[in-house]
Amino acid sequence: MEKHKANKVFEKYTSIILLVIITCQLIVITIFGVLKESYHVDELYTFGLSNSFYKPFINWNNETNIWHSPEYYNDYLTVQTDELFAYDSVYYNQVNDVHPPFYYFGIHTICSFFPNIFSKWIGIGYNMLFYLGTVLCLFYLSKLIFNDILLAILICIAYGFSAGAISCAIFIRMYMIVTFFIVLLTYLYGLLIVGRGSKFINIFAIVLINILGFLTQYIFIIYAFLIAYGYFVYLLKDKKWKLLFFYGVAMIVSIVLGVGLFPESLNHIFDGYRGVEAIRNFSIMKDFISRTTIFLLLLSNSFAILPIILIIIFATKLFYFINNKNQNKNILYKTTLSNYNNLSNEKRVFLKIIAFSTFLSFLIIAKISPYYEERYFAYLLPNISILSIHVAYIVLADFFNDSRKVLNFLTLLIIIGTVVSHISGGVNYLYSNKGNDLDTMMSKYYNYNAYCVANTGVNMTIPIPLLMKHYKSCYTSNKEDTIKKIIENENGEAIVLYFPDWDKIQDSNSKDLEYIIDHSLYDSYEQLVSNENSGACTNIYLLK
C-alpha cells in the first residue's frame, strides 16, 4: 500500500521530479566542465577532424621546421567563415581516420554556427544534449520494464550522478551519443517484446538507430548484434515466422545502408590499425582473465553501486543460510525470485536479453579495447544500472519485507555508491593540474618563440591549445633540427621548448636540453611544467 501511494505521488509529479533531477545532473556536469582545464589528445582530434578543411591531422602536409602563427592551429581546430557546413571535408577526414563520421558531422554543425571559436563547451554542450536524452530514455525504459515510477527515477539517479556517466559527458568524444543510441535501441526492443506500439514502426526505428549507431562508433555493433540475436531467438522460439522474416530483412537492410553510406568502414574494421588491433586482441585468449579483471575494477570505480550490491547479496544470502541451514535449501532462493516472477513473461524475457547482451558486450569490450579505460564500456552503464538496482531491490525486499524500508535503504545505497564512485575513481578527463590553471601559468611566456620537439602526429597534436597562444611556434622532429632552427633565429631572447610524449611520462629531457645548450648560445634552462601535472602530457622548459 505504501509503495502504491508513493507511486501515485510520483506519477502525479513525474515531469517536475524528472526536470529537477536532470537539472541537478546537468548542473553537476557543468561544474565538472568548469574544472576541466586541458584535453585528452582524442578530444583535440574531435575538433581537428570535424573542422579542419580537408586536413585530418595537424601533420597532414608535413609542415615541420616552419614558423606558424596562432591562425595555423586555430584553422585546424575551428571552422572558418568560408568553410561553414563543409560536410564533404568532414567525410574526407574520417575516411582517413579510424572512426565513422556521424559524430563529427554534429560537432562540425555546431562549430559552423560559431566560426573561429575553439571552446570545450561546444563539445561538452553537445554531450549534455545526448546525456539528457539518455536519462529520459533510461527512465522510460525502466518504467516499461518495472511499471514503477519511483524505481525508474532511482535508476536514473544511480546512473546519472555516477562518476562514469559524468566522465562520459565531460569527455569530448562520441561515447555519450553512443550511450544514447544504445539506451534508445534497448527501449525500442522493449516495445517490441512487451507489445507496445506498432511493431513495424518500432522495427523501422531500430533500423534507423542501427545505421546511426554504426556511423557513430564501431563498438556499437557489438551490443546491437547481441540484442538483435536475443530478439531473433525470442521470435524463433515463439514461432513468429512472419515477424521473424520481416525483422531479418530489416536487419540486413540496416547493414547494407550503414556500409553503403560509409564504405570505408569495412577498411577501418578489417584493415585499419584499430580494427586489426581489436581482432588481434580478441584472438589472444591467455590475457582474458587479466583484462576482464582490470575492466571489472574500472567498472567498480566508475559505478561503485555494483560491488556494494554484490556485497549485500552475499551478506543477505549468508544471513539466510545461517538462519535456515536446517531447512530446505530452496528457501534461499524462493523469496529472491518472487519479485522477479511478478513481472510478465515478456518482461522477464526482455530482462534476460538485456542481461545477456550487456554481459557479453562487456566481456568482448574488455578483450578488444586498445586501452584500459572506462570510456569503452560507458555505453553499458545505463543497462548495468537497471540490472543492479533491480537485483538490489529484490534482495532488500527479501530482507526487510517492507516496501518503504526497501526504498529508503535503496536510496541510501545509491547515495553511498555515488559518493564512493567519485572518491575511488572520480570523474576523468578533467586535467585540473591540482587546482592550478595551466593557461594562467603559461601566459607570461606566450610572447616567446616556441619549439615543439615531436615526431609523431599524436605528440604534435597534444600541445596545440598551448602552441596556438604563442606569437610564433614551429615543430621540429628531433634535437638536431631544433638546434638548426634555434641558430637560424637566435636573437638573445628566451625561448620555450615543448617535449610532448603521449605514450609515457618522462622524468625529464635533460640530455636533449644539455645537447641543445652545448650547441647554441643558451646557457641554462628552467622547467615550467612537468609532463605529469601539465594535463597535456608535455614537459615544458624555458631556455635562457
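Residues numbered from 1 in each chain as written. Predicted model: local features only at pLDDT ≥ 70, side-chain atom pairs only at ≥ 80, totals over all residues. Heavy atoms only, no water.

Visitor: Outline the overall build of the protein, supporting the account with residue identities and numerical values.
Guide: Broken down by element type, the protein carries 26 helices and five strands. Against the compact-globule benchmark of 24 Å for 544 residues, the protein has a radius of gyration of 26 Å, which places it among compact chains. Along the first, second and third principal axes, the C-alpha atoms of the protein reach 85 × 50 × 50 Å. When the 544 residues of the protein are sorted by exposure, 53% land in the buried category. A separation of at least 24 residues holds for 78% of the contacts in the protein among residues at least 6 apart in sequence. Carbon and sulfur atoms provide 64% of the accessible area of the protein, an area that totals close to 24,300 Å². Side chains of the protein carry 40 positive and 39 negative charges; the gap between the two charge centres is 19 Å. (Helix = DSSP H or I, 4+ residues; strand = E, 2+ residues; numbered from the N terminus. Rg over C-alpha atoms; globule rule 2.2 N^0.38 Å. Buried < 20%, exposed > 50% of the residue type's maximum accessible area, 1.4 Å probe, protein only. Contact = heavy atoms within 4.5 Å. Areas by Shrake-Rupley, 256 points an atom, 1.4 Å probe, with all protein chains shown as cover. Lys, Arg positive; Asp, Glu negative; His and termini not counted. Charge placed at Lys NZ, Arg CZ, Asp CG, Glu CD.)

Visitor: Quick one: what's the story with the sheet that holds strand E5 (residues 538-543), residue by residue and with numbers?
Guide: Taken in spatial order, the five strands make up an open sheet running E2-E1-E3-E5-E4, and their pairing is mixed. Edge positions in the sheet fall to strand E2 (473-476) and strand E4 (525-529), since each has one partner strand and no second. Across the sheet, the axes of successive neighbouring strands diverge by a mean angle of 25°, strand direction being ignored. Its contacts with the sheet place helix H25 (residues 479-488) against strand E1 (450-453), E2 and strand E3 (495-500), and it is angled at close to 165° to E1. (Pairing = 2+ DSSP bridges. Axes fitted to C-alpha atoms, helices over the stretch in contact; angles between N-to-C directions.)

Visitor: How would you summarise the packing of aromatic side chains if you had to cite specific residues and measurements?
Guide: By the definition in use, this model includes 36 aromatic pairs. Centroid distance Tyr-54 to Tyr-92: 5.0 Å. Interplanar angle 45°. Geometry classified as tilted. One end of the pair, Tyr-54, is in the loop between helix H3 (41-51) and helix H4 (70-77); the other, Tyr-92, is in helix H5 (residues 87-95), and 38 residues separate them in sequence. Given a relative accessible area of 29%, Tyr-92 falls into the partly exposed group. Considering the side-chain rings of Trp-67 and Tyr-451, the 5.3 Å spacing of their centres and the 65° angle between planes classify their relative orientation as edge-to-face. (Phe/Tyr/Trp six-rings, centres within 6.5 Å; stacked < 30°, edge-to-face > 60°.)

Visitor: How would you summarise the side chain of Gln-25 if you had to cite specific residues and measurements?
Guide: With respect to the helices, strands and loops of the structure, Gln-25 is situated in helix H2 (residues 14-35). On the basis of relative accessibility, which here comes to 0%, the residue Gln-25 falls in the buried class. The residues touching Gln-25, leaving out its near neighbours within four places in the chain, are Tyr-131, Val-135, Cys-156, Ile-157, Gly-160 and Phe-161.

Visitor: An account of the packing of helix H11 (residues 199-214) against helix H12 (residues 220-237) is requested, with residue identities and associated values reported.
Guide: In a pair of packed helices, the angle between the axes and the distance between the axes together describe the arrangement. The geometry of H11 relative to H12 is characterised by a closest axis approach of 9 Å and an angle of 155° between their N-to-C directions. The pairing of H11 with H12 is recorded here as roughly antiparallel in orientation. Here H11 runs over H12; the crossing is left-handed. Side by side, H11 and H12 meet where Ile-209, Asn-210, Gly-213 and Phe-214 of the first sit next to Phe-220, Ile-221 and Ala-224 of the second. Partitioning the contact of H11 with H12 into residue classes produces five nonpolar, two polar and no charged. (Parallel < 35°, antiparallel > 145°, perpendicular 65-115°, else oblique. Left-handed = near helix turned anticlockwise from the far one by under 90°. Nonpolar A, V, L, I, M, F, W, Y, C, P; charged D, E, K, R; others polar.)

Visitor: Which residues make up the side chain of Gln-94, and what values do they have?
Guide: Within the secondary structure, Gln-94 sits in helix H5. Its relative accessible area of 0% is what places Gln-94 among the buried residues. In this structure Gln-94 touches Leu-49, His-99, Pro-100, Pro-101, Tyr-104, Phe-262 and His-268, once residues within four positions along its chain are discounted.

Visitor: How would you sum up the nonpolar core? Please name residues and give values.
Guide: Counting residues in hydrophobic clusters, the biggest one holds 156 residues, and the most contacted among them are Tyr-189, Leu-410, Met-442 and Tyr-498. With 15 residues, the single largest contributor to this core is helix H10 (residues 175-194). Excluding residues that lie within four positions of it along the chain, Leu-410 makes contacts with Leu-151, Leu-154, Ile-389, Ala-392, Tyr-393 and Leu-396. If you look at the next biggest cluster of nonpolar residues, it comprises 13 residues, including Val-453, Ile-483, Ile-486 and Leu-513. (Core = buried A, V, L, I, M, F, W, Y, C linked by side-chain atoms within 4.5 Å.)

Visitor: With reference to specific residues and values, describe the pattern of salt bridges.
Guide: Under the criterion given, the structure shown has ten salt bridges. A salt bridge links Asp-287 to Arg-291, with the nearest nitrogen and oxygen atoms 3.2 Å apart. For Arg-291, a relative accessible area of 7% puts it in the buried group. Lys-479 serves as the salt-bridge partner of Asp-512, at 3.9 Å between the closest nitrogen and oxygen. You can see Asp-512 sitting in helix H26 (residues 510-518) and its partner Lys-479 sitting in helix H25, a full 33 residues away along the chain. With a relative accessible area of 27%, Lys-479 lands in the partly exposed category. Residues joined by salt bridges that share partners form a network here, namely Asp-42, Glu-373 and Arg-375. (Salt bridge = Lys/Arg side-chain N within 4 Å of Asp/Glu carboxyl O.)

Visitor: Could you give me a rundown of H10, with the residues and numbers involved?
Guide: Given a rise of 1.5 Å per residue, 20 residues ought to cover 28 Å, and the 28 Å separating the end C-alpha atoms of H10 matches this to within 8%. Among the 20 residues in H10, 18 count as buried, and that is most of the element. Following H10 by one or two positions, Gly-195 has its phi on the positive side, about 95°. (Expected span 1.5 Å × (residues − 1).)

Visitor: Provide a residue-level description of unusual backbone geometry, including the pertinent values.
Guide: Within the chain, Asn-147 stands out as a residue other than glycine whose phi angle is a positive 50°. We classify Asn-147 as exposed; its relative accessible area is 60%. In this model, Tyr-429 sits at a positive phi of 70°, which is unusual for a non-glycine residue. On the secondary structure map, Tyr-429 appears in the loop between helix H21 (403-424) and helix H22 (438-442).

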